[in-house]
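In case you want the letters, here they are:
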Amino acid sequence: MEEVIEREEIDMAVNKLKVMLSFMREVNDGNIPSASDYGLECQEFYDIVEACQDEGLIKGVKFSRGGNNRVLVAFMDNVKLTVKGLEYLDKNSTAMKTYRGLKELRDWLPF
């Protein structure tokens, strides 16, 4: 049973990394995806966007926070990839080869 739970956690982590890569690719292409594009709850999506910014992969996102410092809204009008973000995309380009964009995202992300 413990092995099944561990596998599910690994799968979720891999899917979050895929969302992160997809988000960054879309930003690089001039698009600003939303939580609904990924079939995620807003909070889950904001956590991923915030992680990208915390890691220095993107810049320009402003967050509005509520209780417990929880992100309520992310304003992404000025989001841009950093040099580090561009390098990250390049380094993970093999994972992105099968990515065809938001229109076919659900095939790429098995949530």
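For the structure itself, look to the data block above.
Residues numbered from 1 in each chain as written. Predicted model: local features only at pLDDT ≥ 70, side-chain atom pairs only at ≥ 80, totals over all residues. Heavy atoms only, no water.

Chemist: Would you mind going over unusual backbone geometry with me for this structure?
Modeler: The backbone of Asn68 shows a phi angle near 60°, a positive value even though the residue is not glycine. Positionally, Asn68 belongs in the loop between strand 2 (62-65) and strand 3 (71-75). By relative accessible area, Asn68 is classed as exposed at 83%. The backbone of Asn69 shows a phi angle near 65°, a positive value even though the residue is not glycine. Assignment of secondary structure puts Asn69 in the loop between strand 2 and strand 3. (Helix = DSSP H or I, 4+ residues; strand = E, 2+ residues; numbered from the N terminus. Buried < 20%, exposed > 50% of the residue type's maximum accessible area, 1.4 Å probe, protein only.)

Chemist: Just to check I follow, could you spell out the pattern of salt bridges for this structure?
Modeler: Side chains that carry opposite charge are capable of pairing whenever their charged atoms lie near each other. What the rule picks out here adds up to 2 salt bridges. Asp29 is paired through a salt bridge with Arg25; the nearest N and O atoms lie 3.6 Å apart. Residue classification places Asp29 among the partly exposed residues on the basis of a relative accessible area of 44%. Look at Arg25 and you get partly exposed, because its relative accessible area is 27%. Between Glu50 and Arg65 there is a salt bridge whose closest N-O contact spans 2.2 Å. Taken together, the positions of Glu50 in helix 3 (residues 42-54) and Arg65 in strand 2 put the pair 15 residues apart, joining distant regions of the chain. (Salt bridge = Lys/Arg side-chain N within 4 Å of Asp/Glu carboxyl O.)

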